[in-house]
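Report on the structure
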Amino acid sequence: MAINLFLAGLIANSAGFGVIEPVTAILWSIPLGVPACWFAGRWVRSLMDEADG
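Below or above, wherever it landed, is the structure these notes cover. All figures in this text were calculated on a predicted structure; none of them were measured in a lab. (Residues numbered from 1 in each chain as written. Predicted model: local features only at pLDDT ≥ 70, side-chain atom pairs only at ≥ 80, totals over all residues. Heavy atoms only, no water.)

**Points about the overall build of the chain**
Looking only at helices and strands, the chain has two helices and zero strands in total. Here the chain has a C-alpha radius of gyration of 16 Å; the compact-globule value for 53 residues is 10 Å, and the former is much larger. Dimensions of the chain along its principal axes, counting C-alpha atoms only, are 50 × 20 × 10 Å. The buried share of the chain, reckoned over its 53 residues, is 8%. For the chain, the computed accessible surface area is about 4,300 Å², with 72% contributed by carbon and sulfur atoms. (Helix = DSSP H or I, 4+ residues; strand = E, 2+ residues; numbered from the N terminus. Rg over C-alpha atoms; globule rule 2.2 N^0.38 Å. Buried < 20%, exposed > 50% of the residue type's maximum accessible area, 1.4 Å probe, protein only. Areas by Shrake-Rupley, 256 points an atom, 1.4 Å probe, with all protein chains shown as cover.)

Have a look at this one:
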């Protein structure tokens, strides 16, 4: 999540927005990454349960 935020900040910089510093990207990735990992884990678990049939 942190690398995605950092690279999005670099792309946003080309559009005229400010740059996201690496430390800021890491700090923002914690509250954004935990729910994303949890939802991805639930999705993969449902696929595994479906495959077991």
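Resuming the write-up.
**Let's talk about the packing of helix α1 (residues 2-14) against helix α2 (residues 22-52)**
One can describe the packing of α1 onto α2 by two numbers: an axis separation of 8 Å at closest approach and a directional angle of 130 degrees. One way to sum up the angle between α1 and α2 is to call them oblique. When you trace α1 past α2, the crossing you get is right-handed. Listed contacts from α2 to A2, L5 and F6 of α1 are P22, A25, I26, W28, S29 and L32. (Axes fitted to C-alpha atoms, helices over the stretch in contact; angles between N-to-C directions. Parallel < 35°, antiparallel > 145°, perpendicular 65-115°, else oblique. Left-handed = near helix turned anticlockwise from the far one by under 90°. Contact = heavy atoms within 4.5 Å.)

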